[in-house]
Amino acid sequence: WPFHAPLVHAINRLKKERNAVILAHNYQAPEIFHTVADIVGDSLLLARKAAETDAEVIVLAGVHFMAETAKILSPEKTVLMPAMDAGCSLADSITAADVRLLRERYPGVPIATYVNTSAAVKAESDVCITSGNAVEVINSLPGDEVLCIPDEYLAKWVATQTTKKVIAWKGHCEVHERFTGDQLKAYRTQFKGDITIIAHPECPPDVLAEADFVGSTAKMQDYVEGQQPKRVLLITECSMADNLAATNPAVEFVRPCNLCPHMRRITLSNILESLVTMQPEVHVDPAVAGRARLAVERMLAVGR
Ligand code: 13P
Ligand code: SF4
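Conventions and cut-offs
- Residues numbered from 1 in each chain as written.
- Chains lettered and ligands numbered in written order.
- Predicted model: local features only at pLDDT ≥ 70, side-chain atom pairs only at ≥ 80, totals over all residues.
- Near = placed C-beta within 6 Å.
- Nonpolar A, V, L, I, M, F, W, Y, C, P; charged D, E, K, R; others polar.
- Pairing = 2+ DSSP bridges.
- Helix = DSSP H or I, 4+ residues; strand = E, 2+ residues; numbered from the N terminus.
- Axes fitted to C-alpha atoms, helices over the stretch in contact; angles between N-to-C directions.
- Contact = placed C-beta atoms within 7 Å.
- Buried ≥ 20, exposed ≤ 12 C-beta atoms within 10 Å, placed from the backbone.
- Right-handed = clockwise from strand over helix to strand, strands pointing away.
- Parallel < 35°, antiparallel > 145°, perpendicular 65-115°, else oblique.
- Left-handed = near helix turned anticlockwise from the far one by under 90°.
- Domains from an automatic or database assignment.

Student: I tried to follow the site of ligand 2 on my own but got confused; where do I start?
Tutor: Taken together, 13 residues lie near ligand 2, and Val63, Cys88, Cys173, Val175 and Cys260 sit nearest. Residues belonging to the shell around ligand 2 are distributed by class as follows: seven nonpolar, three polar and three charged.

Written out as structure tokens, the structure reads:
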């Protein structure tokens, strides 16, 4: 059985010495999320906090694109990524050259790019979106058409929430694409309908059609904390329910869930190692970062 206390103690002590903050995504395991993280949240909140923090060092307990986003917004800070191989199937689904081709193919159509992408892809985009603000940001853009890339299912869900014509790409999240509508129907039958189904918009349309509520991880949290449903199926990464279960004892969380192998690459051990060695550090080419920052800042300006 893992014994976490010595690692938690050493990390929290080193954070003070280094003037570091740990930003943890909602999909981080409870032994990170509830012990060493200073700021926890969805991709949108982590981007906002990365831009605001006074700390000199940011440790990103999440995946690589989140660390890049922090570096883009805070180029003067040291951004540490405890596991450089913590990638994302969505970020891997599109390149900067693909975005340039899309711009040629759809001249004048704004390109709204999910934050789950590389800095180079953001640099070719007009604005970024997260699952927490996609509809709001897309509705703020000029024209009747928008390219919403690279998550096909997020784009299809946005299309149901806006009057604009939404043009999608073919990327998928390897965690959320595995859920099926039939799986959800079977759970409704098993619990005789006495269950609330909450799904992430990265899920396929047949899954979202079965859900009672669709939203980003922060919106899922708000729903659970506000509504206190008796029994919940969180159609997303497993740690989401683990973390919410700790603070919502009246809510019963039911499987299924899927693990994100990339999020799981972050551990207390490699967080400590990164604070000891101040490595691995995330670097983004300043020219790319400058253009990517415009897209991220345009997103952050919406709703302010
Ligand atoms: P949000 O936390 O923004 O909903 O994103 C989910 C996700 O898959 C991040 O990798
Ligand atoms: Fe990427 Fe999906 Fe993992 Fe999020 S859960 S990091 S979108 S693969």
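Student: Help me understand the site of ligand 1 in this model?
Tutor: Around ligand 1, the neighbouring residues are Asn26, Asp42, Ser43, Leu44, Asn116, Thr130, Ser131, Gly132, Cys173, Glu202, Ser216 and Thr217. In terms of residue class, the shell around ligand 1 is made up of two nonpolar, eight polar and two charged.

Student: What exactly am I supposed to notice about the sheet that holds strand β5 (residues 111-114) here?
Tutor: Paired through their backbone hydrogen bonds, the strands of a sheet run either parallel or antiparallel. If you trace the four strands from one edge of the open sheet to the other, you get β6-β5-β7-β8, paired in parallel fashion. Two strands lie at the open edges of the sheet, namely β6 (127-129) and β8 (165-168), each paired on one side alone. Across the sheet, the mean angle separating the axes of adjacent strands is 30° when strand polarity is ignored. Pairing geometry for β5 and β6, over three bridges, is parallel. Each residue of the ladder has a partner; that of Thr113, found in β6, is Cys128. Strands β5, β7 (145-149) and β8 of the sheet are contacted by helix α8 (residues 152-159), whose axis makes an angle of about 175° with β8.

Student: Would you mind going over the pairing of strand β11 (residues 231-235) with me for this structure?
Tutor: Side-chain positions along a regular strand alternate between the two faces of the sheet. Most of β11 sits inside the fold, with four of its five residues counted as buried. Relative to β11, strand β9 (residues 196-199) is paired through four bridges, and the arrangement is parallel. Counted as the bridge partner of Ala199 is Ile235 from β11. As defined by bridge partners, β11 adjoins strand β12 (residues 252-254) across three bridges and the pair is classed as parallel. By the bridge assignment for β12, Arg231 is matched with Glu252. After leaving β11, the chain enters helix α12 (residues 238-247) and then returns to the sheet as β12, a path that is right-handed.

Student: Sorry if this is basic, but what is going on with the packing of helix α4 (residues 64-73) against helix α14 (residues 286-301) here?
Tutor: For any two helices packed against each other, the geometry is given by the interaxial angle and the distance between the axes. Two numbers describe how α4 lies on α14: the axes approach to 9 Å, and their chain directions differ by 100°. By the angle class used here, α4 and α14 are roughly perpendicular. Facing Thr69, Lys71, Ile72 and Leu73 of α4, the residues of α14 in contact are Ala289, Ala292, Arg293 and Val296. Taken together, the residues of the contact of α4 with α14 sort by class into five nonpolar, one polar and two charged.

Student: What is the right way to read the packing of helix α3 (residues 43-52) against α4 from this model?
Tutor: One can describe the packing of α3 onto α4 by two numbers: an axis separation of 8 Å at closest approach and a directional angle of 30°. Note on packing geometry: the crossing formed by α3 with α4 is right-handed. Side by side, α3 and α4 meet where Ser43, Leu46, Ala47, Ala50 and Ala51 of the first sit next to Met66, Thr69, Ala70 and Leu73 of the second.

Student: Explain the environment of Cys173 to me, please; I cannot follow it from the model alone.
Tutor: With respect to the helices and strands, the residue Cys173 is situated in the loop between β8 and α9 (181-190). Taking the number of C-beta atoms within 10 Å as the measure of exposure, Cys173 has 26 and is therefore buried. For the pair Cys173 and Cys88, spaced 85 residues apart in sequence, the C-alpha to C-alpha distance is 7.5 Å.

Student: Explain the domain arrangement of the protein here, please?
Tutor: Interface size, as often reported, equals the accessible area lost upon joining of the parts. Segmentation of the protein into domains returns domain 1 (5-86 + 263-283), domain 2 (91-174 + 288-301) and domain 3 (176-254). Taking only C-alpha atoms, the centre of domain 1 and the centre of domain 3 are 27 Å apart. Tallying the contact residues gives 12 residues for domain 1 and 10 residues for domain 3. Secondary-structure elements contributing two or more residues to the side of domain 1 that touches domain 3 are α2 (30-33) and α3. For the side of domain 1 that touches domain 3, the per-class residue count stands at seven nonpolar, four polar and one charged.

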